Amino acid sequence: MTETWDDVNEQVKTDWKDDTTPFERVYEIVEQTHEGLSAAEIADRALVSEPTARRHCKAVVNTGFAETEQDGQTTLYKRNSDRVLMSRIRELREEVDRPELLDSIQDMKAEIRRYEDRYDVVSPEELAHQLDADETEGWDDLSAWRTTRQNLAVAQAALAYDEASHQLTV
C-alpha cells in the first residue's frame, strides 16, 4: 500500500502531538507568527482546544515573547518582534567573535555597494520601482539585497550591543 501525502502529514501531526505538550505546540505556532492569529486559528494549528490555546497564549504574552493586537472584538496573538530581534543579536554575539563580526559587516557593506553600482540605485525600494515583472535576476537581487541589508543591521546592532556591554563592565 502506498502512503499519500495526507497520510504522511497526519503521521507528522500525530508524532508532533505525541512528542510535545500543548504549551510547546502553542508556543511554536506563536513563534512562527508574524501577523496576528486568533486563539481559534492557533488552536487549530497547535492541535489544542481554543480555551487551551487562549490560556497558553496569555502565558506567552505574560513572558514578553508574544504580544496582542485587537481586530474588532477578536484578540490576535503574534510573536514580539523586538524580543526576536534581541534574541538574534545575542545569538550572533555568542557565535561570532568581534573580528569575524567586523569582517562580516565589511563584506555586507561591499555587497550592498555592488547592488547600488550594478543597478545605479541607492536602495532595494528604488530598484523595485525600476524592475519589470519579467526581470527574474533583478527580483532575485532585490530579495538578496533586502536580506543583506537586514543581516547588516543585525550585525551592526550586535556590535553596538557588544560595545555597550563592554563599557558597562569597565
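In the block above lies the structure referred to throughout.
What counts, and at which threshold
Residues numbered from 1 in each chain as written. Predicted model: local features only at pLDDT ≥ 70, side-chain atom pairs only at ≥ 80, totals over all residues. Heavy atoms only, no water. Core = buried A, V, L, I, M, F, W, Y, C linked by side-chain atoms within 4.5 Å. Buried < 20%, exposed > 50% of the residue type's maximum accessible area, 1.4 Å probe, protein only. Helix = DSSP H or I, 4+ residues; strand = E, 2+ residues; numbered from the N terminus. Contact = heavy atoms within 4.5 Å. Pairing = 2+ DSSP bridges.

Participant: If you had to explain the nonpolar core to someone new, which residues and values would you point to?
Facilitator: Residues L101, I105, L127 and W145 are the most contacted members of the largest nonpolar core, which totals 17 residues. Of all elements in the fold, only α6 (98-119) and α8 (136-169) reach the threshold of two or more residues within this core. Of all the elements, α8 adds the most residues to this core, at 7 residues. Ignoring anything within four residues of it in the chain, the contact list for L101 reads L92, V96, A155, A158 and L159. In this structure, V26, A39, A46 and F65 belong to the second largest nonpolar core, which totals 16 residues.

Participant: Could you give an account of the pairing of strand β2 (residues 66-71), naming the residues involved and the relevant values?
Facilitator: Relative to strand β3 (residues 74-79), β2 runs antiparallel, the two being bridged by 6 bridges. Considered in β3, the bridge of T68 is made with Y77. Remark: 2 residues form the turn of the hairpin made by β2 and β3, two consecutive strands paired antiparallel; G72 in that turn has positive phi of roughly 70 degrees.

Participant: Any details on the pairing of β3? Residues and values, ideally.
Facilitator: In this structure, strand β1 (residues 37-38) lies alongside β3, joined through 2 bridges in antiparallel fashion. Paired with L37 across the strands is Y77, a residue of β3.

Participant: With reference to specific residues and values, describe unusual backbone geometry.
Facilitator: Of note, L47 is a non-glycine position whose phi angle comes to about 60 degrees, a positive value. Tracing the backbone shows L47 in the loop between α3 (39-46) and α4 (50-63). Take L47: its relative accessible area is 24%, and that puts it in the partly exposed class. Phi is positive for D120, which is not a glycine, with a value near 55 degrees. Note on placement: D120 falls in the loop between α6 and α7 (124-130). Under the relative-accessibility criterion, D120 is labelled exposed at 66%.

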